[in-house]
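# Working through the structure, step by step
Single-letter residue listing:
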Amino acid sequence: MSFCVRLIPAAARISSTKQLVLGELLCGAAVVLLAATVMPAVARAQRAGTPIRIDASQAWIAPGPASFQEGSATTPSGLTLGMNSRYLTLNGKPWLPVAGEFHFSRYPQNQWENEILKMKAAGVGIVSTYVIWIHHEEIEGQFDWNGQRDLRAFAELCAKHGMYLVVRIGPWDHAEVRNGGFPDWVVKQGPTRVNDPVYLASVSAWYAQIGMQLKGLLWKDGGPVIGIQLENEYSQRGPGAGEEHILELKKIALASGLDVPLYLVTGWDNAVVPKGAVIPVYGGYPDAPWDSSTAKLPPGEVYAFRFASRVAANVNADRGQNDPGAKPDAAGQLPYLTAEIGGGNEDTYHRRPVIAPDDIAAMAPVMLGSGVNLYGTYMFQGGENPDGELSTLEESQATGYPNDLPIKSYDFQAPLGEFGQERASFRKLKVFDYFLNDFGAELAPMMVHTPDSLPAGSDDLLIPRAAVRSNGDAGFIFFNNYVRGYAMPARKGAQFLVRLPAGTLAVPRHPVDLPSDAYFIWPFNLPVGGVTLRYSTAQLFTHIEDAGVETIYFEALPGIAPEFALDDATVRSIKSSNGEIVRDSGVIYVSGVKPGVDSSIDVVSAQGKSVRLVVLAAHEAEAAWKVRIGGADRLLFTDQDFVVDEDAKPERVWLQSRGSAHFDFAITPPLDGPIKASLPLKRNQSNERVDRFAADAAPQQIPLEVRQICAGGVAAPVKLGPPLSWRPQGVAQAPGPGEMAQAAKWEITVPAGAMNGLSEIFLRVAYEGDVARLSANHRLLDDDFYNGKPWMIGLERFLAAQGPSSFELSILPLRKDAPVYLELRDPPQFTPNSQIDKLEDIHLVPEYQLTITAGEE
């Protein structure tokens, strides 16, 4: 049997490459490593199965001045933002921030604050956003800064919650939006993206509007705006283009009052980067939905360390690695900053990859180990396109752009979904974000060191992938054994042999097996509370100070037993709630530690300071949220979605549970005072370390009326779009408006009062087909390109204020010969007419909410 839909079984994405082809650390903190301590371990490693040798013995080199002229970098209160050739600084201290992309004009204004709070809770400190021209001036001269297009209100919310803001002002953005963000009238008036007088006059008016919106909110004013990105993916050369155009845009931005410390441009695709005037930012994605292939792609470059280049990314998968601009010198005079490390991918019509949580999180140790000193995720928050007055606002081949995107949905499979859902990737990224929040100042100045043996390329899966960043004898080991869609071999008997200025350090002391799909960051010679942590085989996570005790939290990695090694000379006493403590040649080894918030290693330093090491199980670390509540920093553990407003008086926590009315959470250390909640709380199995609570809301069964209006017709053959200079093969075009007449249709009715007592209601649609759309009163509300996952739609924003709410669901049949790429566990069971439009299940999923406060209101 032969199909033109190409399917990849879900199991093959992890364990095999078989395809179902259906058709086509610290300055001055030196640590003395005694030869007697390290040599036995080194000798053992010589006999190990997988010794990973990394030479980090080079003396630390202080960074030089940055090759960049900052804008106004001091606030009225004297705070300063700066940089050198290696890292950013905040008040003169090393700063390694986390950024996340959130397009305010793609999200309802009344929900912005909750989403900003979620990002902050996950460790994000910088919100990055496009200001999309066509969203604000679709009709020439008629600017719209109201409602969800209110840039000023969005910036003020960032300021309210202590979030910095980078504003990406275009004028061309891409962002998978119509015309790359240009209003149609700009496209029609003449040349764009060059120093054409007519075009520049329009840009000047546009920038002036942004300047007015942000007046008084810039860093120099004490506001949140620290950076401006000019243009995007800009590589044009020639008269009036190239560097002179970027310089002209910066001149216009300054004339519009946009005087900020950082001016950025994207650095890939043969980018134009005027030296000293702008800073390039980089990125890379787990898959390439813009690629013309309808087959599984080769192993992604983003899972291999970038030692020779900052640009060798799959942002444009069809650019050769040796093309001009593909490999600029990575050892330049500017820090390695990123803006677009993929938090997912937006599916295109012709290519619909399903991005797994590990696809996203595994890039973190790779990028950081490559020297990244600003970790920027695109997208962090999904959204949906607003309605246009003259047209729909998505990227499409019909408007001369490379791909067909959903008309409304811009979910991006992001850590925070289109309707605010907290996905597993949100929790996995949080582990690394917290690490950067608490230990980034130590990491930022560190130099990058490469292993003695390097993979031949991103498709070389045999050579282990690792890096070290260090400052003298202290540093971090970065390791990745995960590649999306490919099975990496377990590294049997692995041991890192790190050559440091004071000698060679073996991590761990005995070789261990590193599982397939493992990825992590391990510290070595890390000073904590006066104790030197020689190494740990658990992921460093976060720390909390409480009652004079510094607690350092780690994440136990699946398949790797946690072991801690401490410098005996820095320890007065040590005890462990479980496991074994062994002293050997000046080192204390603690092994066999059972992961869990209740167990710990308690250390008193030689100076008398108390330090506690706690190893959390992986699921505990992913469920742990750092929160200031009851006047102190704590960890709150929950499997429910988590939101906190630490600026409220008193601090307020919201837990949101989809599908279940039951809530569980734990807090460590326990609160000193009373805890209040919107539901009755039950205390469960609490002790001096942890308070555990449970609560139950009243379960709700919301009836849903579903009536089929018409059966699906015969879908038209899928057409191919035109070839492009960088993509010579045309790709499948999304069905036009007339073709949706062949869709199967259902009428759906949600009863009045369905939201009573709930924070949200999700419509869960499990179906097989090509394109699905949800409408009401002939207005398209949301849409989906089928990729095998259930479609989840948050209905709260769409429900009628009074009475029942009626919707129409349309599913266009998927043709057997459609030239699209899908990753499905099982192939569709096509009907005899070689298509499928099957509604497998549809129901409502209630989202319950529990509000928690500490102390008196």
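Residues numbered from 1 in each chain as written. Predicted model: local features only at pLDDT ≥ 70, side-chain atom pairs only at ≥ 80, totals over all residues. Heavy atoms only, no water.

## Here we look at the overall build of the protein
Quick reminder of the rule: Secondary structure elements are taken from DSSP: a helix is a run of H or I of four residues or more, a strand is a run of E of two residues or more, and numbering for both begins at the N terminus. Throughout, radius of gyration means the C-alpha value; the globule benchmark is 2.2 Å times the number of residues raised to the power 0.38. What sets the accessible areas is the Shrake-Rupley method with a 1.4 Å probe; for residues, cover comes only from the shown protein chains. His is not counted, nor are the chain ends, whereas Lys and Arg count as positive and Asp and Glu as negative. One atom stands in for each charge, and that atom is NZ of Lys, CZ of Arg, CG of Asp or CD of Glu.
A tally of helices and strands in the protein yields 12 helices and 50 strands. Since a compact globule built from 857 residues should have a radius of gyration of about 29 Å, the 27 Å found for the protein is in line with a globular shape. Across its three principal axes, the protein shows a C-alpha extent of roughly 80 × 65 × 60 Å. Of the roughly 30200 Å² of accessible surface on the protein, a fraction of 51% belongs to carbon and sulfur atoms. Of the side-chain charges in the protein, 74 are positive and 98 negative, and the distance between the mean point of each set is 4 Å.

## Structural notes on the packing of helix α7 (residues 197-213) against helix α8 (residues 242-255)
Note the threshold: To obtain each axis, a line is fitted to C-alpha atoms, and for helices this fit is confined to the stretch in contact; angles are then taken between N-to-C directions over 0 to 180 degrees. The cut-offs work like this: below 35 degrees is roughly parallel, past 145 is roughly antiparallel, 65 to 115 is roughly perpendicular, and the gaps in between are oblique. Left-handed describes a crossing whose near helix is turned anticlockwise from the far helix by less than a right angle; the clockwise case is right-handed. Residue contacts are defined here by distance: any two heavy atoms, one from each residue, within 4.5 Å place the two residues in contact. In this count, Pro and Cys sit with the nonpolar residues alongside Ala, Val, Leu, Ile, Met, Phe, Trp and Tyr, while Asp, Glu, Lys and Arg are called charged and the others, Gly among them, polar.
Axis separation between α7 and α8 bottoms out at 9 Å; the angle between their running directions is 40 degrees. The angle between α7 and α8 places the two elements in the oblique class. The chirality of how α7 crosses α8 is right-handed. Listed contacts from α8 to Y199, L200, V203, S204 and Y207 of α7 are H245, E248, L249, I252 and A253. Classifying every residue of the contact of α7 with α8 by side-chain character gives 7 nonpolar, 2 polar and 1 charged.

## With respect to the packing of aromatic side chains
The test is simple: Here a pair means two rings of Phe, Tyr or Trp (six-membered ring of Trp) with centres within 6.5 Å. Their orientation is stacked below 30 degrees between planes, edge-to-face above 60, and tilted elsewhere. The cut-offs for exposure are 20% and 50% of the maximum accessible area for each residue type, with area from a 1.4 Å probe on protein chains only; residues under the lower value are buried, those over the upper are exposed, and the others partly exposed.
All told, the structure shown has 40 aromatic pairs when counted by the stated rule. Judged by centre distance (6.3 Å) and plane angle (65 degrees), the rings of Y285 and F412 are edge-to-face. Of this pair, Y285 sits in the loop between β11 (279-284) and β12 (337-342) while F412 sits in the loop between β16 (409-410) and α11 (424-443); the two residues are 127 residues apart in sequence, bridging distant segments of the chain. Comparing Y285 with F412 shows no difference in burial state: the two are buried. On the numbers, 5.5 Å between centres and 10 degrees between planes, the contact of Y434 with F541 is stacked. You can see Y434 sitting in helix α11 and its partner F541 sitting in strand β24 (residues 539-546), a full 107 residues away along the chain. The burial state of Y434 is the same as that of F541; both residues are buried.

## Notes on α7
In plain terms, the rule: Expected helix span is taken as 1.5 Å per residue step, with the number of steps being one fewer than the number of residues.
With 17 residues, α7 should cover 24 Å at 1.5 Å per step; its first-to-last C-alpha distance of 24 Å lies within 8% of that length. When α7 is considered as a whole, its buried residues turn out to be Y199, L200, S202, V203, W206, Y207, Q209, I210, G211 and Q213. The inward-facing, buried residues of α7 contact α4 (133-136), α5 (151-160), α6 (184-189) and α8.

## A word on the confidence of the model for the protein
Let me state the cut-off plainly: Per-residue confidence from the predictor is reported as pLDDT, a score between 0 and 100.
When the pLDDT values of the protein are averaged, the result is 92; 92% of them are 70 or greater. Low pLDDT, under 50, characterises residues 6-39; the stretch is placed with 101 contacts to residues that sit more than four places away or in other chains. Across residues 41-46 the pLDDT falls below 50, and counting only partners more than four positions away or on other chains, this stretch makes 14 contacts in the model.

## Some points on the pairing of β11
Burial analysis of β11 places 6 of its 6 residues in the buried class, the great majority of the element. Alternating positions in β11 separate into two faces, I279, V281 and G283 on one and P280, Y282 and G284 on the other, with burial throughout.

## Description of the sheet that holds strand β36 (residues 662-668)
Keep this limit in mind: The criterion for strand pairing is that DSSP finds at least two bridges linking the strands in question.
Strand order across the open sheet formed by 5 strands is β32-β33-β36-β39-β38, with antiparallel pairing between neighbours. The sheet is open, and its two borders are formed by β32 (624-629) and β38 (681-683), each paired with just one other strand. For this sheet, the mean inter-axis angle between neighbouring strands, taken without regard to orientation, is 30 degrees. Pairing of strand β33 (residues 632-637) with β36 involves 3 bridges; the strand directions are antiparallel. For L635, the partnering residue across the bridge sits in β36 and is T668.

## A word on the environment of T294
Mapped onto the elements, T294 comes out in the loop between β11 and β12. When its relative accessible area of 16% is taken as the criterion, T294 is described as buried. The spacing of T294 and A732 is 438 residues in sequence and 9.8 Å in space, taken between C-alpha atoms.

## Quick notes on the pattern of salt bridges
Worth spelling out the cut-off: Put simply, a salt bridge is a Lys or Arg side-chain nitrogen that is within 4 Å of an Asp or Glu carboxyl oxygen.
Under the counting rule described, the total for this entry stands at 40 salt bridges. A salt bridge links D259 to K220; the nearest nitrogen and oxygen atoms lie 3.8 Å apart. One end of the pair, D259, is in the loop between α8 and β10 (262-266); the other, K220, is in the loop between α7 and β9 (225-229), and 39 residues separate them in sequence. Looking at D259, the relative accessible area reads 18%, which means it is buried. Ionic pairing is found between K609 and E545, a salt bridge with its closest N-O pair at 4.0 Å. With K609 in the loop between β30 (601-605) and β31 (610-616) and E545 in strand β24, the pair connects residues that are 64 residues apart, well separated along the chain. The network of salt bridges with common partners includes D287, R351, D359, R484 and E823.

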